Amino acid sequence: MIMFGLTVVVFVVGLVVIVRFLAAVIHGIWIHCLRPPTDLVTYGANCEAEAADRPWAIVTGGARGIGFGFVCECLQQGFNVIVVSLPDEEAEFWNEIELAIQDAAGDSSLLKPVDHVRYIAAEIGASEVVIAEILEILPITGELRLIIHNVGRSNTDPKLFEEHSEQELDNLINVNLRFATRLSNATIPRLRQPQGSAKRCGIIFVSSQAGAMPSSPLVSVYGACKAYLIHLSRTLAVEENMSRHPSNLPLDVLCVTPGYVAAGRTIAWIGKNKWGLATPLKIARNSLGLLGCGTVPPLCLHQLGCLCVSPYWIHALQYALAVFLPFWLHGRIVYGELQAVRKQTAKLS
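Our subject in this report is the structure included herewith. Numbering of residues starts from 1 in each chain and follows the order in which that chain's sequence is written. Side-chain atom pairs in this predicted model are given and counted only at pLDDT of 80 or more, local residue features only at pLDDT of at least 70, and totals for whole chains, interfaces and linings cover all residues. Only hydrogens and water are set aside; all other atoms, that is, all heavy atoms of the structure, feed into the side-chain values.

**Description of the overall build of the chain**
So, point 1. Scanning the chain from terminus to terminus reveals 12 helices and 7 strands.
So, point 2. Within the chain, the fraction of its 349 residues that count as buried is 47%.
So, point 3. Method for areas: the Shrake-Rupley scheme with a 1.4 Å probe, in which residue coverage is limited to the protein chains shown. Of the roughly 17500 Å² of accessible surface on the chain, a fraction of 61% belongs to carbon and sulfur atoms. Starting at the N terminus, helices and strands are each numbered in turn, a helix being any DSSP run of H or I of at least four residues and a strand any DSSP run of E of at least two. Under the scheme applied here, a residue whose accessible area is under 20% of the maximum for its type counts as buried, over 50% as exposed, and between as partly exposed, the area being computed with a 1.4 Å probe on protein chains only.

**What about the packing of helix α5 (residues 127-141) against helix α6 (residues 166-191)?**
So, point 1. Direction vectors running N to C along α5 and α6 enclose 20°, while the axes themselves pass 10 Å from each other. As far as their axial angle goes, α6 and α5 are roughly parallel. Of the two elements, α5 crosses α6, and the hand of that crossing is right-handed. Note on element contacts: α6 touches α5 through R178, F179, R182, L183, A186, T187 and R190, opposite S127, E128, V130, I131, I134, L135, L138 and P139.
So, point 2. Residues are grouped as follows: Ala, Val, Leu, Ile, Met, Phe, Trp, Tyr, Cys and Pro are nonpolar; Asp, Glu, Lys and Arg are charged; every other residue, Gly included, is polar. Classifying every residue of the contact of α5 with α6 gives 9 nonpolar, 2 polar and 4 charged. Angles shown run from 0 to 180 degrees and are taken between the N-to-C directions of axes, each axis being a line fitted to C-alpha atoms and, for helices, limited to the stretch in contact. Throughout this description, any angle smaller than 35 degrees is read as roughly parallel, any larger than 145 degrees as roughly antiparallel, any in the 65 to 115 degree range as roughly perpendicular, and the remainder as oblique. Less than a right angle of anticlockwise turn of the near helix away from the far helix marks a crossing as left-handed, whereas a clockwise turn marks it as right-handed. Contacts: residue pairs with any heavy atoms within 4.5 Å of one another.

**Looking at helix α3 (residues 90-103)**
So, point 1. Compared with an ideal rise of 1.5 Å per residue, which puts 14 residues at 20 Å, α3 spans 20 Å between its outermost C-alpha atoms and is within 8% of the ideal.
So, point 2. Where α3 is concerned, the buried positions are F93, I97 and I101. End-on, the buried residues of α3 take up no more than an arc of 65°, which puts them together on one face. Exposed and facing more than 90 degrees away from the buried side of α3 are A91, E92, N95, Q102 and D103. Working rule for helices: expected span equals 1.5 Å times residues minus one. The arc refers to the directions leading from the helix axis to the C-beta atoms.

**Quick notes on the packing of α6 against helix α8 (residues 220-243)**
So, point 1. Taken N-terminus to C-terminus, the directions of α6 and α8 make an angle of 15°; their axes are 8 Å apart at the nearest point. By the angle between their axes, α6 is roughly parallel relative to α8. Crossing angle aside, the handedness with which α6 passes α8 is right-handed. Counting all contacts with α6, which are made through L169, L172, I173, N176, L177, A180, T181 and I188, the residues of α8 involved are V221, Y222, C225, K226, Y228, L229, L232 and L236.
So, point 2. The class makeup of the residues in the contact of α6 with α8 is 13 nonpolar, 2 polar and 1 charged.

**A word on helix α2 (residues 65-77)**
So, point 1. With 13 residues, α2 extends 19 Å between its outermost C-alpha atoms, agreeing within 8% with the 18 Å of an ideal straight helix rising 1.5 Å per residue.
So, point 2. Taking burial as the measure, the 13 residues of α2 include 10 buried ones, the bulk of the element.
So, point 3. Where α2 is concerned, the buried positions are I66, G67, F68, G69, F70, V71, C72, E73, C74 and L75.
So, point 4. Taken from the residues just after α2, G78 is the one with a positive phi, measuring 115°.

**A closer look at the side chain of S184**
So, point 1. Residue placement: S184 occurs in helix α6.
So, point 2. For S184, the contacting residues outside a window of four places in its chain are H149, I203 and F205.

**Description of the pairing of strand β6 (residues 251-256)**
So, point 1. Within β6, 6 of the 6 residues are buried, which leaves the element mostly enclosed by the surrounding structure.
So, point 2. Residues L251, V253 and C255 point to one face of β6 and D252, L254 and V256 to the other, with burial holding for every one of them.
So, point 3. Here strand β5 (residues 201-206) runs beside β6; their pairing, made up of 6 bridges, is parallel. In the strand pairing of β6, V206 is matched with V256. What makes two strands pair is DSSP finding at least two bridges between them.

**With respect to the pattern of salt bridges**
Once the charged atoms of two side chains with opposite charge are near each other, the side chains can pair.
So, point 1. One speaks of a salt bridge when a side-chain nitrogen belonging to Lys or Arg is within 4 Å of a carboxyl oxygen belonging to Asp or Glu. Enumeration according to the criterion identifies 9 salt bridges in this entry.
So, point 2. Across the salt bridge formed by E168 and K159, the nearest N and O atoms sit 2.7 Å from each other.
So, point 3. According to the relative accessible area criterion, E168 is partly exposed, its value standing at 24%.
So, point 4. Classification of K159 as buried rests on a relative accessible area of 11%.
So, point 5. Linking E163 and R342 is a salt bridge whose minimum nitrogen-to-oxygen distance equals 2.9 Å. In this pair, E163 is assigned in the loop between β4 (144-149) and α6 and R342 in helix α12 (residues 327-348), connecting sequence segments 179 residues apart.
So, point 6. For E163, a relative accessible area of 35% corresponds to the partly exposed category.
So, point 7. By relative accessible area, which is 22% here, R342 ends up partly exposed.
So, point 8. In the salt-bridge network here, residues are joined through shared partners; they are E128, R178 and R182.

**Regarding the environment of E98**
So, point 1. With respect to the element layout, E98 can be found in helix α3.
So, point 2. Measuring from C-alpha to C-alpha, the distance between E98 and V114 comes to 9.7 Å, with 16 residues separating the pair along the chain.

**Regarding the packing of aromatic side chains**
So, point 1. Each aromatic pair joins two rings of Phe, Tyr and Trp (for Trp, the six-membered one) with centres within 6.5 Å, and gets the label stacked for planes under 30 degrees apart, edge-to-face for over 60, and tilted for any other angle. This model, assessed by the stated rule, comprises 3 aromatic pairs.
So, point 2. Centre to centre, the rings of F68 and F93 are 5.9 Å apart; their planes meet at 85°, and the pair counts as edge-to-face. In this pair, F68 sits in helix α2 while F93 sits in helix α3, placing the two residues 25 residues apart along the sequence.
So, point 3. What makes F93 buried here is its relative accessible area of 0%.
So, point 4. For the ring pair F93 and W94, a centre distance of 5.3 Å and an interplane angle of 70° mean the geometry is edge-to-face.
So, point 5. Relative accessible area serves as the criterion here: at 24%, W94 is assigned to the partly exposed category.
So, point 6. Here the aromatic cluster, defined as three or more aromatic residues joined through ring pairs, consists of F68, F93, W94 and Y119.

The following block contains the structure:
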């Protein structure tokens, strides 16, 4: 009798594991292969409208990398954009956005970027000052429908936790964690205000695989800050579902966890030939296409669920493989890879 009971327990546990695995596979195929991209018209986007009639999106860290990809995509989809980025990146940003607009095959609505873009030049670490400036211009710009928390700062090179200076710790926490928290808290009420043709509003947190993976040795603080964004986004989504007032616009919360992207420090660390390297524009386009992708099936294997996804299928596959590895083995692999970067950086310095 006891053996029969144990057999039933093992069978049920095994069945649950198999069902969860199959649900994860089906979910991944749906998200990355079958689901049509989100139509941002739902969020008020109108690429045929004049600048004064378009809704606004805020993109932090929008002067380069993934953030610049988000700016280009938002403009093409029919948003005006408030770009928050560093002062020394502004001149290059205006040059690059002019070139991007020229390449946007015949889209005449994007011929005057100065009409569609506001650039706030600021040190992101000084969050109170930056947020005050954003709040000051929002009544002038009009309808706010999308916030994209892209800005991030990683280590200058891989290092152990105790090797971080106090200034490095403050910079990592302020830029990756504190600014996104403060800006969301200050602007979500404005997002939800019914206005114009929008039926929904959205907020996207750009996290990282460093925050989604089981561990992130040698980038510990950066990974922990990105893990915080994952948890914050999931919790905001639950609060939205449970407590939204009928008079407010529904708020869609999405957190994306890209892996290696061909931009900035990633190129310096791993080069341009790393398998699975994605372009910033691909990450931005796929992320916007996933906005509002709904709730996760309850048996889905991915603990992060549909509200937190890798926007590139290769990165999603890498994550799926990583979570099946024993914790110690995954840690050794990541540590070994970044330790090699650490040694190479030491040789060059």
